[in-house]
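# Observations on chain architecture
For reference, the chains in residue letters:
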Amino acid sequence: MTVALLVLLKVIVTVIIFGIGLDSTPRDAVRLFRHPALLLRSVLAMYVLVPLAALALVKLLPLSPGVEAGLLVLAVSAGAPLLPRKLLGIGDGAYIFSLVVVSSVLAVILVPVWLEILVPLFPRLPHLAPERAAIVLGESFFLPLLAGMAVRWLFPRFAAWVGGRLVGLAGLFLALAALVLLAVNWHIVLEVQWQGIAALAVLILMALVIGHLVGGPKDEDRTALAVACATRHIGVAVVVATSLPGVRVAVVISVYIAISVAITLPYTRWRRKVASARGGTSPK
């Protein structure tokens, strides 16, 4: 049952990425390269500051080995935010999509590098070869993304109607699948204890703050980067988790999904209100 749910989580993430492709264009993908300072800040926040924040939490808090591994796996699995532009409803959607693409390309190199750095400190963590990361991202990200963009090119009206609806529905199923995984493994959730749940919540809050502060002067960029930092690449995280014995790390990831939704949605609502009050871009 647990293995089937983990597979379902990866399938749902693939569907979400396909939906993002339905709502995006090739021009959107390269937007960050026209803004190198924003690109540098984005990479710094997602792939350096958030992992360092997780490392600090693991060192400072008395956490179980499963929670430690889960925190670190999630922290280094940056890329592919699961709240795309139609759900975010703020600012320039091209930046969000470009951030999804660029961060996922970098994941091929940076996720294995981070794991190699952390393994001497935390032997429980697995190695992840770059070619394995490339296969994972190709299957779970690039193929469905390109498929969605191809459908948009061939059937633009259909893609415009389906894209946001598909992502919203898949996001709901993602949350439900995570909750079922938690229910099936409730005894492991109890082992996580309140310290582990609090640590996951603190990591998400720290990620939001990091993205918000590093995002730069534009409110919409800060909001998008904050959400990107808080919503890790669940597909990569699940693959890394399944490389570890047992299901504890996978359950921690499911707890993270549930907490992330609970924290990021109020944040995005607040940011929409701020943008509306300042006469910013209206929700799309």
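Small disclaimer: the values here were computed from a predicted structure and weren't measured.

As a further point, take the overall build of the chain. Per the secondary structure count, the chain includes twelve helices and zero strands. Its helices and strands in sequence order give the chain the pattern α-α-α-α-α-α-α-α-α-α-α-α, from N to C terminus. Out of the 284 residues in the chain, the part that is buried amounts to 56%. Contacts spanning at least 24 positions in sequence make up 83% of the contacts within the chain whose residues lie at least 6 apart.

Right, let's get into the pattern of salt bridges. Applying the stated rule across the entire model yields two salt bridges. In this structure, Asp-219 and Arg-222 form a salt bridge, with 3.2 Å as the shortest nitrogen-oxygen distance. Of this pair, Asp-219 and Arg-222 both sit in helix 10 (residues 219-230), separated by three residues, roughly a single helical turn. Measuring nitrogen to oxygen at the nearest pair gives 3.7 Å for the salt bridge that ties Arg-271 to Asp-219. Here Arg-271 is found in helix 12 (residues 248-277), whereas its partner Asp-219 is found in helix 10, with 52 residues between them in sequence. Judged by relative accessible area, Arg-271 falls into the buried class, the value being 5%.

Residues Leu-169, Leu-172, Phe-173, Leu-176 and Leu-179 make up a contiguous nonpolar surface patch of about 480 Å² in total accessible area. For Leu-172, the position within the fold is in helix 8 (residues 156-184).

All right, on to the packing of helix 3 (residues 36-60) against helix 10 then. Any two packed helices are characterised by how steeply their axes cross, that is the angle between the axes, and by the distance between the axes. In the contact formed by helix 3 and helix 10, the axes pass within 10 Å of each other and the chain directions differ by 30°. Relative to helix 10, the element helix 3 is oriented roughly parallel. Considering the relative orientation of helix 3 and helix 10, their crossing is right-handed. Residues Leu-38, Arg-41, Ser-42, Ala-45, Met-46 and Val-50 of helix 3 touch helix 10, and the partners they reach there are Asp-221, Leu-225, Ala-228 and Cys-229. Residues that form the contact of helix 3 with helix 10 fall into these classes: seven nonpolar, one polar and two charged.

On to helix 3. Over its 25 residues, helix 3 runs 35 Å from end to end, which matches the ideal 36 Å to within 8%, given 1.5 Å per residue. Along helix 3, the largest kink reaches about 35° and is centred on Ala-45.

For helix 4 (residues 65-76), which comprises twelve residues, the first-to-last C-alpha distance of 17 Å matches the rise-based estimate of 16 Å (1.5 Å per residue) to within 8%. The buried count for helix 4 comes to eleven of twelve residues, which makes it a mostly enclosed element. Among all positions in helix 4, only Gly-66, Val-67, Glu-68, Ala-69, Gly-70, Leu-71, Leu-72, Val-73, Leu-74, Ala-75 and Val-76 are buried.

Let us now look at the packing of aromatic side chains. Applying the stated criterion across every chain yields a total of one aromatic pair. Here the guanidinium or amino end of Arg-271 rests over the ring plane of Trp-270, the centre of that ring lying 5.0 Å away.

At 3.2 Å, the side chain of Asp-219 and the side chain of Arg-222 are in polar contact. In this structure Asp-219 touches Arg-271 and Arg-278, once residues within four positions along its chain are discounted.

Our focus in this paragraph is the packing of helix 3 against helix 4. Axis separation between helix 3 and helix 4 bottoms out at 8 Å; the angle between their running directions is 170°. It follows from the interaxial angle that helix 3 and helix 4 lie roughly antiparallel. Between helix 3, through Met-46, Tyr-47, Val-50, Pro-51, Ala-54, Leu-55 and Val-58, and helix 4, the contact on the second element is made entirely by Glu-68, Leu-71, Leu-72, Ala-75 and Val-76.

Attention shifts here to the confidence of the model for the chain. Taken as a whole, the chain shows an average pLDDT of 78; of its residues, 82% reach a score of 70 or greater. Summarising per-element confidence for the chain, the mean pLDDT is lowest in helix 5 (residues 85-88) (48) and highest in helix 3 (91).

The rules behind the values
- Residues numbered from 1 in each chain as written.
- Predicted model: local features only at pLDDT ≥ 70, side-chain atom pairs only at ≥ 80, totals over all residues.
- Heavy atoms only, no water.
- Helix = DSSP H or I, 4+ residues; strand = E, 2+ residues; numbered from the N terminus.
- Buried < 20%, exposed > 50% of the residue type's maximum accessible area, 1.4 Å probe, protein only.
- Contact = heavy atoms within 4.5 Å.
- Salt bridge = Lys/Arg side-chain N within 4 Å of Asp/Glu carboxyl O.
- Patch = residues over 30% accessible without salt bridge, like charges linked within 9 Å, V, L, I, M, F, W, Y side chains within 5 Å.
- Areas by Shrake-Rupley, 256 points an atom, 1.4 Å probe, with all protein chains shown as cover.
- Axes fitted to C-alpha atoms, helices over the stretch in contact; angles between N-to-C directions.
- Parallel < 35°, antiparallel > 145°, perpendicular 65-115°, else oblique.
- Left-handed = near helix turned anticlockwise from the far one by under 90°.
- Nonpolar A, V, L, I, M, F, W, Y, C, P; charged D, E, K, R; others polar.
- Expected span 1.5 Å × (residues − 1).
- Bend = angle between axes of the 7 residues up to and from the residue.
- Phe/Tyr/Trp six-rings, centres within 6.5 Å; stacked < 30°, edge-to-face > 60°.
- Lys NZ or Arg CZ within 6 Å of the ring centre and 35° of its normal.
- Polar contact = N/O pair within 3.5 Å; in protein donor to acceptor, adjacent residues only side chain to side chain.
- pLDDT = per-residue confidence, 0-100.

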